[in-house]
Amino acid sequence: MGRTSVENTSVQHKESVRTCPFDYAQQLEFDPQLRQLLTEEPVSRIRMAYGEGEAWLVTRYEDVRTVTTDRRFSRSAVLGRDFPRMTPEPIVQAESINLMDPPASSRLRSLVAKSFTPRRVEQMRGGTQRVVDRLLDEMAEEGAPADFVARVSSPLPLITICEALDIPEADRPWLRAHAMTMMNVGAAGKQDAVRAKAELRGYFQELTAHRRRSPGEDLISTLATARDGAELLDDDELAVMAMVLLITGQDTTTYQLGNIAYTLLTRPDLLHSLQAEPARLPRTLEELLRHIPFRKGVGIPRIALEDVELGGVLIKAGDVVHVSYLTANRDAAKFDRPDELDPDRPSIPHMTFGWGAHHCLGAPLATMELEVAFSTLLTRFPALRLDVPPEDIEWNTTSIWRYPLALPVTW
């Protein structure tokens, strides 16, 4: 871990700037650099692979909660800044809800939340179940061994969100490839990422304009016609929101399906306990979501709008501030024995889906997909096991996500 400078701060302790590539990708082990920061310097100064200057990294649960809920820290203030980040091209777009602060974001969240009410998600459960059944039927017909990633975790979320958005099947591989291009961390992929983002935006501008003119029963049409009083999403907001839903609606769930399957298949006691008591699945999934480091490093930062003291450090107005939901989920001050996977852990909210004004609106959909997939999988394939030693599994190393590239299973 590189330390490039040392100087006194005006509050409590010395400030050291740490070089943070956030490129750790050893199976699902926790990043030792993040662990060290959480333990030794929970509000630290970092330099990242892309972007200008330095940033603060906040790692403790309560401090992360402060940054994500305190209006002295602004997401919208990153607009126009070449902020420190993990990817050569910023993933987020200007009109995205992810770059808005309350009350502006509250308006959009209110409109979008209408598409993810418990009733709406439950209405989608039957369709998700049919997709899962079909995918598992095909896996059984093909016979063992099978690649769980290719058969289930890769297609399921993409099909689910594309059916919810009513995106033609022929377009889906192209959309998936473009979304993956935007997540790559290699400097050589910058122009590809710029082009992929522009092309995705153009696609959704055309699609959402059509749905605005001729709405149907899909999620985009619901967004296009959703009102909060007199408020509607404008054309740019609608196009970017649909694009965000496509990307976030399949990325996280795709990778967590593979990660959770790997974790269960390498922990037979946990797997058998779920098979014996299926009612334990929802709570176990919450603990798996907390425990698994499904991505690397950090996401979109915030800007301090005024001087703020946090964790004994003075963060000055204009400073870039990143938070780590990964370390917040492993904070011993919040979670007893945080590095243990304990399905009987007392229910404490994890931060895997974010926090505050930018908590993922699609979290109920992702959770429902995971529940349907694993409840069905454990019932249909009670003898499911890995077909190769765990150490032979190959993991993604080229993007911001942690996940197995393939997961050979037998039964």
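Definitions and limits used
Residues numbered from 1 in each chain as written. Predicted model: local features only at pLDDT ≥ 70, side-chain atom pairs only at ≥ 80, totals over all residues. Heavy atoms only, no water. Helix = DSSP H or I, 4+ residues; strand = E, 2+ residues; numbered from the N terminus. Rg over C-alpha atoms; globule rule 2.2 N^0.38 Å. Buried < 20%, exposed > 50% of the residue type's maximum accessible area, 1.4 Å probe, protein only. Contact = heavy atoms within 4.5 Å. Areas by Shrake-Rupley, 256 points an atom, 1.4 Å probe, with all protein chains shown as cover. Pairing = 2+ DSSP bridges. Expected span 1.5 Å × (residues − 1). Polar contact = N/O pair within 3.5 Å; in protein donor to acceptor, adjacent residues only side chain to side chain. Core = buried A, V, L, I, M, F, W, Y, C linked by side-chain atoms within 4.5 Å.

Going by what an unreviewed UniProt entry lists, the protein chain is known as Cytochrome P450 and is assigned to Streptomyces pakalii.

S.K.: Sorry, what's going on with the overall build of the protein chain here?
M.R.: On a plain count of helices and strands, the protein chain comes out with 14 helices and 12 strands. For the protein chain, the C-alpha radius of gyration of 21 Å lies close to 22 Å, the compact-globule estimate for 411 residues. Considering only C-alpha atoms, the protein chain reaches an extent of 65 × 55 × 40 Å along its principal axes. Going through the 411 residues of the protein chain one by one, you find that 54% of them count as buried. Within the protein chain, contacts between residues separated by at least 24 positions form 73% of all contacts whose residues are at least 6 apart in sequence. In the form shown here, the protein chain has an accessible surface area of approximately 17,200 Å², with 50% of it arising from carbon and sulfur atoms.

S.K.: Would you mind showing me how to read the sheet that holds strand E11 (residues 385-386) here?
M.R.: Strand pairing in a sheet relies on backbone hydrogen bonds, with the paired strands running either antiparallel or parallel. With antiparallel pairing, the three strands of this open sheet are ordered in space as E6-E12-E11. Looking at which strands have only one partner, the edges of the open sheet turn out to be strand E6 (146-147) and E11. Sheet analysis places E11 next to strand E12 (residues 408-410), joined by two bridges and oriented antiparallel. Bridged to leucine 386 within E12 is valine 409.

S.K.: Which parts of the structure should I look at to understand helix H10 (residues 235-265)?
M.R.: Each full turn of the α-helix corresponds to 3.6 residues, which orients residues three or four apart in the same direction. Between its first and last C-alpha, H10 extends 45 Å over 31 residues, near the 45 Å set by a 1.5 Å rise per residue. Across the 31 residues that make up H10, a large majority, 28, are buried. The residue sitting at the N-terminus of H10 and contributing the capping side-chain oxygen is aspartate 234; that oxygen lies 3.1 Å from the backbone nitrogen of aspartate 236.

S.K.: I'm lost on the nonpolar core in this one. Help?
M.R.: Within soluble globular proteins, side chains that are nonpolar tend to cluster in buried spots. Counting residues in each nonpolar core, the largest one holds 104 residues, and the members touching the most others are Phe22, Ile167, Phe204, Leu246 and Phe374. With 14 residues, the top contributor of residues to this core is H10. One finds Val58, Val321, Phe335 and Met351 within the second-largest nonpolar core, a separate group that totals 18 residues.

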